[in-house]
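# Examining the three-dimensional arrangement
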Amino acid sequence: MIDLGKLPEPSDKNIAVRVKPAAERAIRQGHPWVFEESIVKQSHLGNAGDLAVIYDRDKNRFLAVGLYDPFSPIRIKILQREQPERINFAWFVKALEVAQARRQPLIDKGITGYRLVYGESDRLPALVIDRYGDTLVMKLYTVAWLPQMKTLIAAMRKTLKFENLVLRLSRAMQSQRHDILRLHGLADGQVLLGAGDLTQAHFIENGLRFEADVRKGHKTGFFFDQRDNRQRVRELANGRRILDVFAYSGGFSVYGLAGGAKSILALDSSEPALEALKANVALNGLDEKRVGAMVTDAFAGMRELVDTRRKFNLVIIDPPALANNRANVQKAVFAYRRLAELGLALLAEDGVLLMSSCSSRITMEMFYNLVTRSAEVAGYDLEITETTSHGLDHPIGFPEAEYLKAVFAVLKS
């Protein structure tokens, strides 16, 4: 448990900022980032988490206010634009109320696991809040949130019903050389409020039950962004032999079994992830005998299955982000093509391929073309039947917020 009194206090002195004309235009058009090189003048240096107020160059009018982050090329992360408002408890309460109202259609369906706050798209940049039943997981992507955390948590307690609050930190925050996190007693996976011995959090998604390791699991413990694609797999699964590549804790596998799959073979390089998959299968009372698991690198495992002439009626390939920066794009494209070729080689006639990408630098057009081109070069007759993108709880508020894309295709006989 954390002593909130140890957190830094927000400064009572705002930073006044002027930016280049192109940055002014971007702000007026709703873009939430101001880069370091766009700033032409600021009143003083400031600290992480200070509020930076941006004024236009001609008439000194308010443009926006955001969190100042001296450790990031994205120097200001915008909270409020156009109309000036005080960034205080009431402002955070309103932002959280709007975010929750956006997710009401999911709540009305009895879904208790979803992304409650999706960063900039919910006016809370570099911040994610995921709900797992009565547990909230707050993930920070910048130390600029630290001086605002007490106010934000107070607003969460007023607005949202929950029992436990877990802190997750981005890789960048954990690897930063400054000692600000340790200084304030913060660590990845820390329980800020509630049960200090919490490990697994439970939630319901489309009538299915799951548990997630919210303190040590990938991201915040589960991947809510694939909910709609999992439901589509459930609808396609009846009587099929399914291969689930990069299976993690079994989201797709559980849906496949619930949809009547004849068998599931799950591939993942993590043995604990596959153990979590089995636990989620058991949690739903599904037949564990229909699930096989291979602890293996995806490429090596798929190659082995090809060599042994295995065939599946539904192949799911859901890799992690393969292009985390611009320099990795070409390498990622090659990897996606190789995955597509292996997946098609394992697909039975009239089988379905689901392949997805969570790399924001790979556009839908690029992804569509690389899947179809891979099939063409390998001599497969592939028909794309459906493409999908973000779900309701991952709204696309600006271009960089769009990352998920998926292709459903049928291998024609």
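Heads up: these notes are all about the structure in this document. On a predicted model such as this, the values are computed, not experimentally measured, just so you know. Every chain begins its residue count from 1, and numbering advances along the sequence as written. The predicted origin of the model limits local features to residues at a pLDDT of at least 70 and limits the giving and counting of side-chain atom pairs to 80 or more, whereas totals for whole chains, interfaces and linings rest on all residues. The side-chain values count all of the structure's non-hydrogen atoms but skip hydrogen atoms and water molecules.

Glancing now at the nonpolar core. We call a set of buried residues a nonpolar core when its members are Ala, Val, Leu, Ile, Met, Phe, Trp, Tyr or Cys and they connect through side-chain atoms within 4.5 Å of each other. Whether a residue is buried, partly exposed or exposed follows from its accessible area with a 1.4 Å probe, protein chains only, as a fraction of its type maximum: under 20%, in between, or over 50%, in that order. Formed by 46 residues in total, the largest nonpolar core has its most connected members in Met138, Leu140, Trp145 and Met156. A helix here means a DSSP run of H or I that spans at least four residues, while a strand means a run of E at least two residues long, and both kinds are numbered starting from the N terminus. Top contributing element to this core by residue count: helix α2 (residues 89-102), with six residues. Residue contacts follow a heavy-atom distance rule, with two residues in contact if any of their heavy atoms lie within 4.5 Å. Setting aside chain neighbours within four positions, we find Met138 in contact with Leu127, Val128, Ile129, Met149, Leu152, Ile153, Met156, Leu165, Val166, Leu167, Arg168 and Leu192. Counting residues in each nonpolar core, the second largest holds 36 residues, with Phe210, Ile242, Ala261 and Ile264 among its members.

When two rings of Phe, Tyr or Trp (its six-membered ring) have centres within 6.5 Å they constitute a pair, described as stacked for plane angles under 30 degrees, edge-to-face for angles over 60, and tilted for the intermediate range. Applying the stated criterion to the full structure yields 15 aromatic pairs. Judged by centre distance (5.4 Å) and plane angle (80°), the rings of Phe203 and Phe224 are edge-to-face. Here Phe203 is found in strand β12 (residues 200-205), whereas its partner Phe224 is found in the loop between β13 (208-213) and α7 (227-236), with 21 residues between them in sequence. Residues Phe203 and Phe224 agree in their burial class; the two are buried. Taking 5.2 Å as the distance between ring centres and 45° as the angle between the ring planes, the aromatic pair formed by Phe210 and Phe222 counts as tilted. Separated by twelve residues along the polypeptide, Phe210 in strand β13 and Phe222 in the loop between β13 and α7 bring together distant segments of the chain. Each member of the pair, Phe210 together with Phe222, is buried. Three or more aromatic residues joined by ring pairs form one cluster here, namely Tyr132, Phe203, Phe210, Phe222, Phe224 and Tyr255.

On to helix α10 (residues 298-307), then. Among the residues of α10, those classed as buried are Ala298, Gly301, Met302, Leu305 and Val306. The arc that holds every buried residue of α10, seen down its axis, measures 140°, which confines them to one face. Those residues of α10 that are buried are in contact with β14 (241-245), β15 (263-268), β16 (291-295), β17 (312-317) and α11 (329-345). Phi turns positive, to about 60°, at Arg309, one or two residues after α10. This arc is built from the directions going out from the helix axis to the C-beta atoms.

Bringing the packing of α10 against α11 into the picture now. All axes are obtained by fitting lines to C-alpha atoms, using only the stretch in contact for helices, and the reported angles, taken between N-to-C directions, cover 0 to 180 degrees. Here α10 crosses α11 at 30°, and the two axes come no closer than 9 Å. Viewed along their axes, α10 and α11 adopt a mutual orientation that is roughly parallel. The handedness of the crossing between α10 and α11 is left-handed. Every residue of α11 that contacts α10 at Phe299, Met302, Arg303 and Val306 is listed here: Ala335, Arg338, Leu339, Leu342, Gly343 and Ala345. In this count, Pro and Cys sit with the nonpolar residues alongside Ala, Val, Leu, Ile, Met, Phe, Trp and Tyr, while Asp, Glu, Lys and Arg are called charged and the others, Gly among them, polar. Looking at the contact of α10 with α11 residue by residue, the class counts come to seven nonpolar, one polar and two charged. Orientation labels follow simple angle bins: below 35 degrees gives roughly parallel, above 145 gives roughly antiparallel, 65 to 115 gives roughly perpendicular, and whatever is left gives oblique. It is the rotation of the near helix from the far one that decides the hand of a crossing: anticlockwise by less than a right angle makes it left-handed, clockwise makes it right-handed.

This part is about the sheet that holds β15. A pair of strands counts as paired when DSSP detects no fewer than two bridges linking them. Pairing is mixed across the open sheet formed by seven strands, whose spatial order is β16-β15-β14-β17-β18-β20-β19. Each end of this open sheet is capped by a strand with a single partner; those strands are β16 and β19 (382-388). For this sheet, the mean angle separating the axes of adjacent strands, direction not counted, is 15°. Taken together, the four bridges between β14 and β17 define a ladder with parallel strand orientation. Across the sheet, the residue bridging to Leu243 is Val315, located in β17. Along the sheet, α7 makes contact with β17, β18 (347-357), β19 and β20 (405-411), crossing β20 at roughly 15°. Contacting β14, β15, β16 and β17, α10 runs over the sheet at an angle of about 140° to β15.

Let us look at the sheet that holds strand β10 (residues 164-169). The sheet built from five strands is open, its strands ordered β7-β8-β9-β10-β11 with mixed pairing. The sheet terminates laterally at β7 (113-118) and β11 (190-193), the two strands that pair on one side only. Each adjacent strand pair in this sheet contributes to an overall mean axis angle of 25°, direction not counted. In this sheet, β11 lies alongside β10 in antiparallel orientation, the contact comprising three bridges. Paired with Val166 across the two strands is Val191, which belongs to β11.

Glancing now at the pattern of salt bridges. What makes a salt bridge here is a side-chain nitrogen of Lys or Arg within 4 Å of a carboxyl oxygen of Asp or Glu, nothing more. A full pass over the atoms with the stated rule returns 22 salt bridges. The salt bridge partner of Arg232 is Glu386, with a shortest N-O separation of 3.0 Å. Placement of the pair is Arg232 in helix α7 and Glu386 in strand β19, with a sequence separation of 154 residues. On the accessibility criterion, Arg232 (26% relative accessible area) is partly exposed. The salt bridge involving Arg373 is made with Glu376; its shortest N-O contact spans 3.1 Å. In this pair, Arg373 and Glu376 both sit in helix α12 (residues 364-378), three residues apart, roughly one turn of the helix.

All quantities given are derived from atomic positions and should not be read as evidence of function.
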